[in-house]
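Chain by chain, the residues:
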Amino acid sequence: MNLTQGTADPRPANPVRVVIVDDHAIFRSGLKADLGPSIHVVGEAATVEQAVAVIAEQRPDVVLLDVHLPGGLGGGGREVIAGSAALLGSTRFLALSVSDAAEDVVAVIRAGARGYVTKTISGAEITDAVFRVAGGDAVFSPRLAGFVLDAFGTAPADIADDELDKLSARELEVMRLIARGYSYKEVAKELFISIKTVETHVSAVLRKLQLSSRHELTKWAAERRLL
Amino acid sequence: MATIPVRPPLARSSDRVIAGVCSGLAVHLGWPVKNVRVGMALATLAGGAGLVFYAWLWIMVPTADEAARRNARRPASPIAPAVSQPSGPGAFAPGIASPAVQAQGAAAADMTAAPLPGPPSAAGASPLRGASGSSTADAGQPEATPWFRFRSMKYGKEILLGCGLLLVAGIMIAQMLGVDVPLGTLIPAAAVLGGASIAWMQLDETRRAGLVDKTKADQAGGWARLAAGLALVVAGVLVMVSGSGSWEQTWLALLSSVAVLGGVVLVLLPWALKFWRDLESERAGRIREMERAEIAAHLHDSVLQTLALIQRRAGNEHDVVRLARAQERELRGWLFQDPGREAGQLSDRIKAAAAEVEDLLGNAVEVVSVGDAAMTEAHEAMVQASREAMFNASRHGGGTVSVYLEASEAQAEIFIKDRGPGFELSDVPEDRLGVRESIIGRMKRHGGTAAILNTGTGTEVRLRLQSAGTDAAEGKP
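To keep things clear, this report deals only with the structure shown in the data block.

Below, the discussion takes up the packing of aromatic side chains. Scanning the entire structure with this criterion turns up 2 aromatic pairs over all chains. Across from the ring centre of F27 of chain A, 4.5 Å away, lies the NZ or CZ of K119 of chain A, which sits over that ring. Across the ring face of F415 of chain B, the terminal group of R180 of chain A is positioned such that the distance to the ring centre comes to 3.7 Å.

Following this line, the structure appears as structure tokens:
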């Protein structure tokens, strides 16, 4: 994973350029007010088409992306990521959702989003998450960690950590702690590892979530016509 | 009942020479495709019977794609596509089960809604154990018992029909071989018997179908009524014609009219089927419309009322937050709940306890659950203990409380974490029963463990319960 930024403090020197994609104007303005001063909102969009256009024009560092969006072919946030596939190297997507449904969340993650947070998140937390995603890390909410544990099972992989369909013992521990509401820093302290190692584990889990062919995950993908 | 083998549904396969009938049949019966093809060819030589059978299956059996679509068709909702899918963190396994299993589950749910013995709760819990990677077969198993009963009754009609046809064929062969069959008495008797049994079947069908599904009732009843009417008409015509002429003439007339009728049916069948499908899709549209109306009514009753309340209490931030959280919970429960899964499991109880604490104190309590378990007495104690822990965390911690439940049939763990100032158990006076009695004592009495830790940034309560048989070990680090 691309861990170019300082990982102990994920805040980069330059302000992060952000595009907010959400169909609720009230939510967009609220979110804009919540984001810290070192985050510049360079564009907003309310539909799939607008979002793809704005992202292509602005080339932001991070896109805050609602999972459910009108327009396009009905694919919502997933379709925006697919439409901006050429920028996936430089632009990172952070999914925002009120939805509790696993298939929605997993669909955007598998499309290429670097994380998922719920819309009830506080201003400080969302700011932190934006910096983290801008730095190339993955952002897991407790709920997403719960989904991952549910999908991959809570038994560790027997052999190599490399297997895509299972989580290693360490990754499971990290996911469990995140599901329990621990921040990355607290996870690091609890497991006696560095924050950078925690981030590496989370990124590895994200990669597995995106690439695994576990039938639970491919089933969701097939239902959302991702394959 | 349990000895009925589970066969894959009969569907025309994509591995086809003509229409995929033979390979589909082979998959369904578990026979080699070659045997089925050769058998079909041999049967074709026997007076074209194979050809007729093939054509029949071609018309009646859906392709694999159609079958999957039909099974996967679930009520859609305009709010979110996710609504119609079973979801929520605790209900993964039903959501990932194959469409066929989902259909089973839906049928089973309907059956259990009627006063029928449901699956034993211990077995019924296993589909929710998605965390341990249970396969789709596991997920479908507990529902199998009621479903099979439903199915064997449904196929009873087909079996009866087959027996009747075989009987007719036997009589015809006997006649061709020169045996003198007393048709004059046999046919009216058969007509009467057939009519009676069809009428009985119709009655039974409508009653049972009415329990299972209202819309299926008119469809099944209509077919039965049609068949009964046909049988009666044929019998009547037969008696009339046989009164005026000889049996040879009657036979000839009957044969030619059957031939003409058969020809007409053959020509009209595609149109009839098309018409039937249009009707089906129209009916599906009506169901969607009804569902939309139901959603609108629900939103009006709950959400709009809450919004009105919020506007009137806009000055009191605490009340507004509490109302909003309560409404959110209610709406989520309504939208994302999987109707197929069993209610009253451990995760539901923990969520209910969290909601209660949230309502009482106004601080958010976020529950993440992985897996699930059926409630036992010890689990009940665990729910009470975690409720106490949530209450303490919410009151003393002051912020959002994170609750994580990981459960299987073997063991359940609950973690309740807050970000408050934290406290040491040794600092709590002896006479304060809250923590010592309601959490630690309660867990110990039921063979579980409880640990309270100061994590530096708050307090975490860890509850652990292993099912009977295994010794409760010390809580995890």
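There is more to say, and it comes next.
Our next topic: the side chain of S302 of chain B. Residue and element names in this part refer to chain B. Mapped onto the elements, S302 comes out in helix α12 (residues 247-312). Owing to a relative accessible area of 10%, S302 belongs among the buried residues under this scheme. Not counting residues up to four positions away in its chain, the partners in contact with S302 are Q327 and E330.

Among the residues of helix α8 (residues 184-191) of chain A, Y184, E186, V187, A188 and L191 of chain A are the ones counted as buried. Backbone geometry just downstream of α8 of chain A places F192 of chain A in the positive-phi region, at approximately 55 degrees.

Residues and elements named next belong to chain B. The element strand β3 (residues 411-417) is largely enclosed, with a buried count of 7 among its 7 residues. Alternating residues of β3 divide into Q411, E413, F415 and K417 and A412, I414 and I416, and every residue in both groups is buried. Taken together, strand β2 (residues 401-407) and the strand that follows it, β3, pair antiparallel across an intervening segment of 3 residues. Where β3 lies against strand β5 (residues 459-466), 7 bridges are found, and the strand directions are antiparallel. Its bridge partner lying in β5, A412 is registered against L465.

This part is about the pattern of salt bridges. If charged atoms from side chains of opposite charge come close, those side chains can pair. Counting across every chain of the model gives 28 salt bridges over all chains. When the shortest N-O distance is used, the salt bridge between R180 of chain A and E460 of chain B registers 2.8 Å. Here E460 of chain B lies in strand β5 and R180 of chain A lies in the loop between α7 (169-179) and α8, a pairing that spans two chains. When its relative accessible area of 4% is taken as the criterion, R180 of chain A is described as buried. The salt bridge involving E186 of chain A is made with R419 of chain B; its shortest N-O contact spans 2.9 Å.

What follows covers unusual backbone geometry. All names here are of chain A. Unusually for a residue other than glycine, R59 sits at a positive phi of about 45 degrees. Among the residues examined, R59 registers a relative accessible area of 52% and is labelled exposed. For F192, which is not a glycine, the phi torsion comes out positive at approximately 55 degrees. On the secondary structure map, F192 appears in the loop between α8 and α9 (195-211).

Here we take up a nonpolar patch on the surface. Residues and elements named next belong to chain B. Together, V17, I18, F53, W56, W58, I59 and M60 make up a nonpolar patch on the protein surface, roughly 740 Å² of accessible area in all. Relative to the assigned elements, I59 resides in helix α3 (residues 49-60). Residue I59 is classed as partly exposed on the basis of its relative accessible area of 32%.

By size, the foremost hydrophobic cluster in this structure holds 54 residues, and its most contacted members are F140, L144, V148, M175, I178 and V202 of chain A. Here this core gets 7 residues from one element, more than from any other, and that element is helix α6 (residues 142-152) of chain A. Other than its neighbours up to four places away in sequence, M175 of chain A contacts F140, A145, V148, L149, L167, V202 and V205 of chain A. Judged by nonpolar contacts, the second largest core, of 31 residues, contains I350, A378, V403 and M443 of chain B.

All names here are of chain A. The contact between α7 and α9 brings their axes to 10 Å, and the two run at 100 degrees. Classified by the interaxial angle, the pair formed by α7 and α9 is roughly perpendicular. In contact with R170, E171, V174, M175 and I178 of α7, α9 contributes V198, H201, V202, A204, V205 and K208. Classifying every residue of the contact of α7 with α9 by side-chain character gives 7 nonpolar, 1 polar and 3 charged.

Rules used throughout
- Residues numbered from 1 in each chain as written.
- Chains lettered and ligands numbered in written order.
- Predicted model: local features only at pLDDT ≥ 70, side-chain atom pairs only at ≥ 80, totals over all residues.
- Heavy atoms only, no water.
- Phe/Tyr/Trp six-rings, centres within 6.5 Å; stacked < 30°, edge-to-face > 60°.
- Lys NZ or Arg CZ within 6 Å of the ring centre and 35° of its normal.
- Helix = DSSP H or I, 4+ residues; strand = E, 2+ residues; numbered from the N terminus.
- Buried < 20%, exposed > 50% of the residue type's maximum accessible area, 1.4 Å probe, protein only.
- Contact = heavy atoms within 4.5 Å.
- Pairing = 2+ DSSP bridges.
- Salt bridge = Lys/Arg side-chain N within 4 Å of Asp/Glu carboxyl O.
- Patch = residues over 30% accessible without salt bridge, like charges linked within 9 Å, V, L, I, M, F, W, Y side chains within 5 Å.
- Areas by Shrake-Rupley, 256 points an atom, 1.4 Å probe, with all protein chains shown as cover.
- Core = buried A, V, L, I, M, F, W, Y, C linked by side-chain atoms within 4.5 Å.
- Axes fitted to C-alpha atoms, helices over the stretch in contact; angles between N-to-C directions.
- Parallel < 35°, antiparallel > 145°, perpendicular 65-115°, else oblique.
- Nonpolar A, V, L, I, M, F, W, Y, C, P; charged D, E, K, R; others polar.

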